[in-house]
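Commentary on secondary and tertiary structure
Single-letter residue listing:
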Amino acid sequence: MHRVTLRSRNDFAEWRTMARALLLAGLTPDSVRFIDPDLPGDLFAEADLPLHPVTGRAVGTVPERFIALGKDAICHRDSDRFGLLYRLLWRLQKDKHILELRSDPDVAALDRRVSAVRRDAHKMTAFVRFRRIAGPSGQERFAAWFEPEHFVLEPTAPFFVRRFTAMNWAIVTPYASALWDGEALSFGPGGNKADVPAEDALEDTWRTYYASIFNPARLKVAMMKSEMPMKYWRNLPEAELIPSLIAGAKQAEDAMIAKQASIPPVRHARIAARQEIEPAPTDIKSLAEARAAVQECRRCPLYEMATQAVFGAGPVHAELMFVGEQPGDQEDLQGKPFVGPAGKVFDTALEKIGIDRTRVYVTNAVKHFKFEPRGKKRIHQRPNSGEIAACRFWVNLERDFVKPKVVVALGATAAQSLLGHSVTISRSRGQPIALEDGSTLFVTIHPSFLLRMVDRSAVEAERAQFEADLAQVRDFLAEHGGEDVKKAVH
């Protein structure tokens, strides 16, 4: 057994230097014993293995993710952290994908340690409380006492530098301390709680702030203790208020209810009005009547800014229907779907794979143009779930009247409208999906996606895939469609 003693508890660079030398020497993980610098020495233990730093030579390769995980895992308090990292380093030389096997015992152990360290670092950023102390020349300084579970002071201290750059401060923990003098961050030995003042004028500020934001109506004690574990309470000035605030929560909630406004604010009334979707018309008897009625639609606020509603276009009984996202700038002005730049891409693809657009029905999931004004231009904005849901009435009405055998969702918004839930395009492409009305759904990208891509080689590859999706629809129609469909595909 070869012994390796590290000088630092959590210096990944030091461990990495040692590990590279071990790897170069061909020493297997079970033949190496890392000595935790915090553990007492053993008078009868074997001597340290003499190692020389490896410079100017590549020794093994690992994914970048291993480096990131290793820098966190080495801050864990478990004394086996060094050995665990070396085992994974050794195994990665033979299997570069080992980190993807979450069920692997070593990988699972690494994930647990990384999660614990990151959680501890997050709690440190949330629960450090500085107290004012007098400097040697009367300069204002601040100090804080914190008890982390793991060795997270060094990687977390830069957060406080960024947040309190103008302050001179120190954070003292049992194992180390951090000092910021306004110019440089340095680290020193640990200390005791007595090294930091017990209380100052800022304590009352923290108590006042915490009491003012405490909402008794939303109190969940178990959740609060999960987010603010009780082990941190002894170092938080506001924590002494928690028992009394919990005890008086019911009474405080009743007082809040008694004081609530009798008339809702105007803003609340406006939001409530928008959420009340207008009742759907019940007297629409044809597609032509629906096309006229949609111009009076007030089921969502998008009508307020759009030029007009853009309804679908195509044969009344087309067996193939395409559903896009929403009208664009040109569609909003002309009142027709897919006549802008994306429409030209769409037409070109249809013609190339042999689908006659004049024989298919084309529409959008949302009927009004949603945009953001920028100078003289109107920049497209994606519809939200509420707007998609409000417009499903019109899309479903079109499907009821047209009765297509095959529906193609162009993009995620169209797929969400047709299925009632969000989907991932990459997972849904090429898979026929049976709809409740007996039609078949295919999902592909929206043509505008090709216009937004920057990499030209990637554009051509994505265009080829888009055309392949349409060709699959064409072949499906040729096999399952009627005479009208066979005329539409040639």
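No experiment lies behind these values; they were computed from the predicted model shown.

1. Here we look at the overall build of the protein chain
- For the protein chain, the helix and strand inventory stands at 19 helices and 14 strands.
- Pairs at least 24 apart in sequence give 70% of the contacts found in the protein chain among residues at least 6 apart.
- Total accessible area computed for the protein chain in this model is approximately 26,700 Å², and 54% of it derives from carbon and sulfur atoms.

2. Thoughts on the sheet that holds strand 14 (residues 440–444)
- Read from one edge of the open sheet, five strands run 9-8-12-14-13, paired in mixed fashion. The sheet terminates laterally at strand 9 (361–364) and strand 13 (433–434), the two strands that pair on one side only.
- Bridge count for strand 12 (residues 406–410) against strand 14 is five bridges, and the pairing is parallel. Paired with Ala409 across the strands is Val443, a residue of strand 14.
- Contacts from helix 15 (residues 412–419) reach strand 8 (320–324), strand 12, strand 13 and strand 14 within the one sheet, and its direction differs from that of strand 12 by about 135°.

3. Quick look at the packing of aromatic side chains
- Counting across every chain of the model gives 16 aromatic pairs.
- Note on Phe322 and Phe346: the rings are 5.0 Å apart at their centroids and 75° apart in plane angle, and the pair reads as edge-to-face. Residue Phe322 is found in strand 8, and its partner Phe346 is found in helix 13 (residues 341–353); the two are separated by 24 residues along the sequence. With respect to burial, Phe322 and Phe346 carry one shared label: buried.
- Their ring planes at 75° and their centres at 4.9 Å tell us that Phe393 and Trp394 sit as a pair that is edge-to-face. Summarising the burial analysis for this pair, Phe393 and Trp394 share the class buried.
- Lying over the aromatic face of Phe371, Arg378 brings its terminal NZ or CZ to 4.9 Å of the ring centre.

4. Looking at the state of the cysteines
- Evaluation of the coordinates by the stated rule reveals zero disulfides.
- Here Cys391 is not cross-linked by a disulfide; its sulfur's nearest cysteine counterpart is in Cys297, at 5.8 Å.
- Look at Cys391 and you get buried, because its relative accessible area is 5%.

5. Focus on the pairing of strand 7 (residues 185–189)
- Summarising the sheet, strand 6 (residues 176–180) and strand 7 pair through five bridges and their orientation is antiparallel. Bridge assignment links Ser177 to a residue of strand 7, and that residue is Gly188.

6. Comments concerning the pattern of salt bridges
- Applying the stated criterion across every chain, the model contains 23 salt bridges.
- Among the salt bridges present, the one from Glu140 reaches Arg132, with a minimum N-O distance of 2.4 Å.
- With a shortest N-O distance of 3.1 Å, Arg474 and Asp475 are connected by a salt bridge.
- Since its relative accessible area comes to 44%, Asp475 is described here as partly exposed.
- Here the salt bridges share partners, and the residues they tie into one network are Asp80, Arg87, Arg91, Asp104 and Asp106.

7. Overview of the packing of helix 2 (residues 64–73) against helix 4 (residues 105–127)
- In contact at an axis separation of 8 Å, helix 2 and helix 4 are set at 60° when each is read in the N-to-C sense. One way to sum up the angle between helix 2 and helix 4 is to call them oblique. For the pair helix 2 and helix 4, the sense of crossing is left-handed. For the pair helix 2 and helix 4, the contacting residues are Arg65, Leu69, Asp72 and Ala73 in the first and Leu110, Asp111, Val114, Val117 and Arg118 in the second.
- Classifying every residue of the contact of helix 2 with helix 4 by side-chain character gives five nonpolar, no polar and four charged.

8. A short note on unusual backbone geometry
- Phi at Phe338 takes a positive value of approximately 55°, unusual for a residue other than glycine.
- By the secondary structure assignment, Phe338 is in the loop between helix 12 (329–334) and helix 13.

9. Section: the nonpolar core
- Judged by nonpolar contacts, the single largest core of 58 residues is most densely connected at Leu320, Phe322, Phe346, Trp394, Val406, Val408 and Phe466.
- For this core, the element with the highest residue contribution is helix 14 (residues 385–402), accounting for nine residues.
- In this view, Phe466 contacts Phe346, Ala349, Leu410, Arg429, Thr444, Ile445, Pro447 and Leu450; residues no more than four positions away in its chain are not counted.
- One finds Val117, Ile171, Tyr175 and Trp180 within the second-largest nonpolar core, a separate group that totals 52 residues.

10. Points about the pairing of strand 8
- For strand 8, the tally of buried residues reaches five of five residues, placing the bulk of the element in the interior.
- Side chains Leu320, Phe322 and Gly324 of strand 8 all project onto a buried face; the interleaved residues Met321 and Val323 project onto the opposite face, where all are buried too.
- Bridging between strand 8 and strand 12 involves four bridges; their strand directions are parallel. In the sheet register, Leu320 faces strand 12, and the bridge partner there is Val406.
- With four bridges joining them, strand 8 and strand 9 adopt parallel strand pairing. The residue of strand 9 that forms the bridge with Phe322 is Val362.

11. Some details on helix 13
- Between the first and last C-alpha of helix 13 there are 19 Å, a value that for 13 residues agrees with the 18 Å anticipated at 1.5 Å per step.
- When helix 13 is considered as a whole, its buried residues turn out to be Ala342, Gly343, Val345, Phe346, Ala349, Leu350 and Ile353. Seen end-on, helix 13 carries its buried residues on one side only, within an arc spanning 160°. Within helix 13, the exposed residues directed more than 90 degrees away from the buried face are Pro341, Lys344, Thr348, Glu351 and Lys352.

12. A look at the packing of helix 4 against helix 5 (residues 153–163)
- The N-to-C vectors of helix 4 and helix 5 enclose an angle of 35°; their axes lie 10 Å apart at closest approach. Crossing angle aside, the handedness with which helix 4 passes helix 5 is right-handed. Residues Ala121, Met124 and Thr125 of helix 4 lie in contact with helix 5, whose contacting residues are Leu153, Thr156, Phe159, Phe160 and Arg163.
- Here the contact of helix 4 with helix 5 is built from residues that sort into five nonpolar, two polar and one charged.

Rules of the game
- Residues numbered from 1 in each chain as written.
- Predicted model: local features only at pLDDT ≥ 70, side-chain atom pairs only at ≥ 80, totals over all residues.
- Heavy atoms only, no water.
- Helix = DSSP H or I, 4+ residues; strand = E, 2+ residues; numbered from the N terminus.
- Contact = heavy atoms within 4.5 Å.
- Areas by Shrake-Rupley, 256 points an atom, 1.4 Å probe, with all protein chains shown as cover.
- Pairing = 2+ DSSP bridges.
- Axes fitted to C-alpha atoms, helices over the stretch in contact; angles between N-to-C directions.
- Phe/Tyr/Trp six-rings, centres within 6.5 Å; stacked < 30°, edge-to-face > 60°.
- Buried < 20%, exposed > 50% of the residue type's maximum accessible area, 1.4 Å probe, protein only.
- Lys NZ or Arg CZ within 6 Å of the ring centre and 35° of its normal.
- Disulfide = S-S within 2.5 Å.
- Salt bridge = Lys/Arg side-chain N within 4 Å of Asp/Glu carboxyl O.
- Parallel < 35°, antiparallel > 145°, perpendicular 65-115°, else oblique.
- Left-handed = near helix turned anticlockwise from the far one by under 90°.
- Nonpolar A, V, L, I, M, F, W, Y, C, P; charged D, E, K, R; others polar.
- Core = buried A, V, L, I, M, F, W, Y, C linked by side-chain atoms within 4.5 Å.
- Expected span 1.5 Å × (residues − 1).
- Arc of directions from axis to C-beta.

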